[in-house]
Every structure is written in structure tokens, then in C-alpha cells.
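Here is how the chains run, residue by residue.
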Amino acid sequence: MIALRPYQSTAVEAVYRHLRDHDDNPVVVIPTGGGKTPVMATICDDAVRKWDGRVLVLAHVKELLEQTAGTLQRMAGDLDIGVYSAGLGKRDTEHSVIVAGIQSVYKRAGELFDEKAFDIILIDEAHMIPPEGDGMYRAFLADARKINPHVRTIGLTATPFRMTSGSICQVDHFLNRICYEVGVKELIRDGYLCPLRTKAGIVRADTSNLHIRGGEFIAGEVEDLMDKDALVRAACAEIVQQTQD
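Residues numbered from 1 in each chain as written. Predicted model: local features only at pLDDT ≥ 70, side-chain atom pairs only at ≥ 80, totals over all residues. Heavy atoms only, no water.

A. Spatial organisation of the nonpolar core. Counting residues in hydrophobic clusters, the biggest one holds 39 residues, and the most contacted among them are Val15, Val28, Val55, Val57, Val97, Leu122 and Tyr180. Excluding residues within four positions of it along the chain, tyrosine 180 makes contact with Tyr7, Thr10, Ala11, Ala14, Val27, Val28 and Val29. (Core = buried A, V, L, I, M, F, W, Y, C linked by side-chain atoms within 4.5 Å. Buried < 20%, exposed > 50% of the residue type's maximum accessible area, 1.4 Å probe, protein only. Contact = heavy atoms within 4.5 Å.)

Structure representation (C-alpha cells):
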């Protein structure tokens with residue numbers, strides 16, 4: 001296992017403390033680039049090696065499954081990790097840690113739990129679960145609890161809310177409250193994320209003829225103004241110039 005950064009260790013301890021002190025399901029919030037996967041890998045490793053448990057990692061898109069499984073394998077190389085995904089042509093069921101696509105397993109809790117019940121279910125990128133996908137997660141987790149009433153669910157995300165429906169943590173949801181959160185400012189301050197530097201383009205769009213509605217430029221007019229070949233090419237050329245090294 002790789003060494004965790006201090007805030008990642010704090011996140012893992014916050015999860016364990018929450019699981020001990022509460023009966024609901026926690027969420028860990030770490031910004032993009034802050035490293036959620038090392039937290040997941042540590043929880044998987046502890047569950048398997050320290051407590052002789054099993055972990056199921058759920059994701060909702062094939063690309064995320066491949067990425068998560070690959071990163072977990074690199075970080076905890078000798079951990080027994082399998083993949084269950086129709087899209088990837090894999091249906092592993094006997095491993096200590098299984099990374100699964102929710103579309104492939106939401107009606108197959110019995111098949112997955114058949115070998116040995118899972119003790120922990122991790123939901124990666126929990127904020128990206130579409131509202132229509134909520135039903136699949138609810139159905140699967142309800143079946144999982146029938147098989148193992150003590151199974152616990154942990155969500156990981158960079159942004160614990162949806163623009164359409166608000167917080168992903170609700171009392172009656174399968175994710176209930178945030179147990180740990182670190183912000184972008186703290187990670188920039190401590191040197192874990194690069195400071196943000198903004199720079200205006202050399203070639204500027206002329207916004208003098210745009211109209212304002214509700215205190216903002218009218219979106220359609222802005223789109224028409226900015227979608228000019230010369231502007232786009234100038235911006236791309238400047239990006240290449242600024243980032244060539």
C-alpha cells in the first residue's frame with residue numbers, strides 16, 4: 001500500500017469512526033485531484049486483511065470501472081480484485097474485492113453475495129449517479145441488506161450534490177451524511193493541488209453589442225459571438241504556446 005497523505009488518513013479514520021458510532025451510511029468528500037482512490041484502496045485493504053471481510057465497489061459507467069479497478073490494483077497490488085461488468089465481458093464473483101457496474105448487478109445481489117456476503121459497499125463518484133440510476137442502487141442495496149443486514153455503504157465524491165436535486169445525502173437515501181470533507185482551498189494551501197492562475201486570451205471577443213437579461217448576458221447571443229472560427233483557433237494556439245513545456 002502507498003503511504004496516505006495526512007488528510008487521506010483522516011478521511012479513513014472518519015469513515016471508521018462513523019461506522020462505529022452511527023447506523024447510517026457516510027460520504028467522504030475530497031476534491032478532484034485530491035486522491036479519493038487511495039482512501040478506497042485503504043478501506044478495501046483493511047476490510048480484507050484486518051477484518052477478513054469483502055468489499056464491493058460500485059460504479060455506473062464502464063470507463064470508471066476500468067479506471068477504478070486498475071488504480072486499486074496498482075495501489076494494493078497483492079489484493080484479490082475482480083471485475084463484474086457485462087460491458088467489459090467479465091463476471092468475477094469469487095474475489096475479496098469486486099469492482100462492478102450497477103447496470104450489470106442491480107438484479108444479481110444473490111449471485112454476487114453467493115460466495116461470501118460483502119461487508120462494505122463503496123460507491124465511487126457518487127454525485128454522478130443520475131436520478132434514474134437511483135432506483136437501481138436502491139434495489140441492489142435493499143437486496144444486499146436482506147442477505148447481510150450489517151452491510152454498510154460508503155460514498156466517495158468531489159461534490160456531494162446535484163444541480164437538479166440538491167444534496168446526495170438524505171435521511172431516507174442510501175447515502176445519509178458527510179463524515180469527512182476537505183476543500184480545494186485547504187489542498188492548495190497545503191501544496192497538494194496547484195494554485196489556480198487565470199489568464200485572459202490575447203484575442204478578445206467584442207461584447208459591446210450583447211444584451212443583458214436578468215442581470216446576465218443572453219446565453220444564445222454569447223454562444224453565437226464566441227463560436228467563431230478565428231476566436232477558437234486563436235485560443236487553441238495560445239494554449240499550445242503556454243503549455244508547450
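B. Representation of the pairing of strand β5 (residues 97–101) within the structure. Taken across its five residues, β5 has five buried, putting it largely inside the fold. Pairing of strand β2 (residues 55–59) with β5 involves five bridges; the strand directions are parallel. Bridging across to β5, valine 57 finds its partner in valine 99. (Helix = DSSP H or I, 4+ residues; strand = E, 2+ residues; numbered from the N terminus. Pairing = 2+ DSSP bridges.)

C. Structural detail: the packing of helix α1 (residues 6–21) against helix α2 (residues 37–50). Their axes nearest at 9 Å, the elements α1 and α2 cross at an angle of 50 degrees. In this view, α1 runs oblique relative to α2, as classed from their interaxial angle. Here α1 runs over α2; the crossing is right-handed. On α2, the residues touching Gln8, Ala11, Val12, Val15 and Tyr16 of α1 are Pro38, Val39, Thr42, Ile43 and Asp46. Grouping the amino acids of the contact of α1 with α2 by side-chain chemistry returns seven nonpolar, two polar and one charged. (Axes fitted to C-alpha atoms, helices over the stretch in contact; angles between N-to-C directions. Parallel < 35°, antiparallel > 145°, perpendicular 65-115°, else oblique. Left-handed = near helix turned anticlockwise from the far one by under 90°. Nonpolar A, V, L, I, M, F, W, Y, C, P; charged D, E, K, R; others polar.)

D. Representation of the pairing of strand β6 (residues 120–123). Of the two faces of β6, both are covered, the one formed by Ile120 and Leu122 as well as the one formed by Ile121 and Ile123. Pairing of β2 with β6, which is carried by four bridges, proceeds in the parallel orientation. Residue pairing across strands places leucine 58 opposite isoleucine 123, the latter belonging to β6. Remark: the β6/helix α6 (residues 134–147)/strand β7 (residues 152–157) crossover connection has right-handed handedness. (Right-handed = clockwise from strand over helix to strand, strands pointing away.)

E. Representation of the side chain of glutamate 238 within the structure. Structurally, glutamate 238 is set in helix α9 (residues 229–243). In this structure the side chain of glutamate 238 is engaged in a polar contact, spanning 2.7 Å, whose partner is the side chain of lysine 199. Non-local contacts of glutamate 238, meaning those with residues more than four positions away in its chain, are made with Lys199, Ala200, Gly201 and Ile202. (Polar contact = N/O pair within 3.5 Å; in protein donor to acceptor, adjacent residues only side chain to side chain.)

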